[in-house]
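Observations on chain architecture
In case you want the letters, here they are:
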Amino acid sequence: MAEELEKIRREIDRLDEAIAELVEKRAAQAKRIGELKSGAPAYRPERESQVLSQVMKKARVLSPERMAAVFREIVSACRGLEEAIRVSYLGPEGTFSEQALRKHFGRAVEALPVPSVDEAFRRCESGAAQFTVVPAENSTEGVVGRTLDLLVATPLRICGEVELRVQQNLLFRGKDLGEVRRIYSHAQSLAQCAGWLAQNMAGIERIAVASNAEAAQRAAAEEGAAAVAGLAAGERYGLEPLARSIEDDPNNTTRFLVLGTLEAAPSGRDRTSLVMSAENKPGAVHALLTPLAQHGVSMSRIESRPARARTTLWEYLFFIDVEGHQGDAHVAKALAALRERAPFLKILGSYPVALP
C-alpha cells in the first residue's frame, strides 16, 4: 500500500507542475489581451460565463459547481493582470453580499464594504468602484424593495447576477442556548428562520440590524447576544454555531445583481430586466405584456412596486425579467413594441444567467 500511495503522490506532483505551467501560460495570454485592449474593460461577463460553462461540462470526478469554483479563481487572477477592479457591497466583512461578490468575481478584486445598499450604488455611480453587488430577492422572503427602488433612477446597468444558497446559523460566544438573551440579524434573515426561532427560542428578543455581519459584530461584543448569520461571519468575529442551517426553507436562495456602466454582450444564455409603468385602466397590464407573447419572448418574473415619485395614489411600476438578450431579434422587437405602449419603460440590462 505504501508503494502504491507513493506512486500516486508522484503522479499528483507531476500533474500539479503541469497545471501550474498551464496557468502561467494562460496568465501570459491574458496579460497580452490586456495590452491589446488599450484600456477596454477587463471584465466581460458574457465571456467569463462562456468559459465557466465550458469547463463545467468537463467535470467528471468533481461536481460542475466545484469545477467552476476552481476556474473562477483562475479567471479572476488572470483578469487582475489586465485591470485592478474595485467592487462595492453591503458590508461589513462577512455578509452574504461579500460571499456573492467572491463567488462571482473571485479573490483578485478589491472588495469595498459599505453600510447600506444606497451607499453601494453611490460608490459605483461616483466611480469609486467599477461595479457593485446588491441583493435583489430571496426565494423565501421575496424582493429587496430598496434595491428595486434604486434601479429605477440609477444610470448603472445590470451586467450580471449571482444566486447564492443561503444557510443561516445561530452564532454565539457561549455553548448553551439557555444563555442567549437577545438575537441580532437582518430583518430578512430573521424572517427566513421565523419557524425555527419560534420553536427553539420562544420569548427571546429579536433585533433587526443593517446586515448579518453587523449582527455578528454585536453578538461578539455583547454578553448574552447571539446572531443569525452565515458561518463566514461567525469565523470572522469569533462566534461558534450553536445551531446550523436553521432557515425554514432548505432551498433558501438569494439572488444578487452585479451593476456597472458596461453593457454585457450576448453570451448565448441571457436574461433581460426592465421596469415599466401601465396606465391606470382595466386591461392595461395585459395589453403591455401582449408583445412578449406575440414575439415569442418568455417572461420569467414580474413584480409590482409602488412608484416612489407619483402624483396620485396607487400608481405602480412593474419589474419584469425576460429570457434572452435585448440584442436578440425577437427580444428587440418585443421591447420596441413595449416602448410604444408603456408610459414609462427602462431597460435595466441584459446579462448572462447565473451559473451554479
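Scroll up a little and you will see the structure.
In short, a report on the structure. (Residues numbered from 1 in each chain as written. Predicted model: local features only at pLDDT ≥ 70, side-chain atom pairs only at ≥ 80, totals over all residues. Heavy atoms only, no water.)

Our next topic: the sheet that holds strand β10 (residues 240-243). Here five strands make up an open sheet; going across it, the order is β8-β7-β9-β6-β10 and the pairing mixed. Of all strands in the sheet, those with a lone pairing partner are β8 (205-209) and β10, marking the two edges. Within the sheet, the average angular offset between the axes of one strand and its neighbour, ignoring direction, is 35°. Where strand β7 (residues 182-186) meets β8, five bridges bridge the pair, whose relative direction is parallel. In the sheet register, tyrosine 184 faces β8, and the bridge partner there is isoleucine 207. Strands in contact with helix α9 (residues 212-221) are β7, β8 and β9 (225-229); relative to β9, the strand with the most contacts, it is inclined by about 160°. (Pairing = 2+ DSSP bridges. Helix = DSSP H or I, 4+ residues; strand = E, 2+ residues; numbered from the N terminus. Axes fitted to C-alpha atoms, helices over the stretch in contact; angles between N-to-C directions. Contact = heavy atoms within 4.5 Å.)

Looking now at the pairing of strand β1 (residues 86-90). Burial runs high along β1: four of the five residues are buried. Two strands pair when backbone bridges link them, and β1 and strand β2 (residues 110-114) are joined in this way by five bridges, in the parallel orientation. Across the sheet, residue tyrosine 89 finds its bridge partner in β2, namely proline 113. Taking the sense of rotation as the criterion, the β-α-β connection linking β1, helix α4 (residues 96-105) and β2 turns out right-handed. Sheet topology note: the β1/strand β3 (residues 131-138) ladder contains three bridges and is parallel. Across the sheet, residue tyrosine 89 finds its bridge partner in β3, namely valine 133. (Buried < 20%, exposed > 50% of the residue type's maximum accessible area, 1.4 Å probe, protein only. Right-handed = clockwise from strand over helix to strand, strands pointing away.)

On to the pattern of salt bridges. Within this structure, the stated rule accounts for 23 salt bridges. Linking arginine 123 and glutamate 119 is a salt bridge whose minimum nitrogen-to-oxygen distance equals 3.0 Å. Of the two residues, arginine 123 and glutamate 119 both sit in helix α5 (residues 117-126), four residues apart, roughly one turn of that helix. The class for arginine 123 is partly exposed, based on a relative accessible area of 29%. Taking relative accessible area as the criterion, glutamate 119 reaches 19% and is therefore assigned buried. Its salt-bridge partner being glutamate 214, residue arginine 218 comes within 3.0 Å of it at the nearest N-O pair. In this pair, arginine 218 and glutamate 214 are both assigned in helix α9, four residues apart and thus about one turn of the helix distant. (Salt bridge = Lys/Arg side-chain N within 4 Å of Asp/Glu carboxyl O.)

The two faces of the sheet receive side chains in turn, since in a regular strand these alternate between them. Most of strand β11 (residues 253-260) sits inside the fold, with seven of its eight residues counted as buried. Inspection of the sheet shows β3 paired to β11 by seven bridges, in the antiparallel sense. Across the sheet, the residue bridging to glutamate 137 is arginine 255, located in β11. Across eight bridges, the pairing between strand β5 (residues 157-165) and β11 is antiparallel. Residue pairing across strands places arginine 165 opposite threonine 253, the latter belonging to β11.

Topologically, serine 245 is positioned in the loop between β10 and β11. It is 34 Å that separates the C-alpha atoms of serine 245 and leucine 348, two residues lying 103 residues apart in sequence. Those residues within four positions of serine 245 in sequence are excluded, and the remaining contacts are Gln167, Gln168 and Asn169. A polar side-chain atom of serine 245 sits 3.4 Å from a polar atom in the side chain of glutamine 167. (Polar contact = N/O pair within 3.5 Å; in protein donor to acceptor, adjacent residues only side chain to side chain.)

In short, geometric facts, not functional conclusions.
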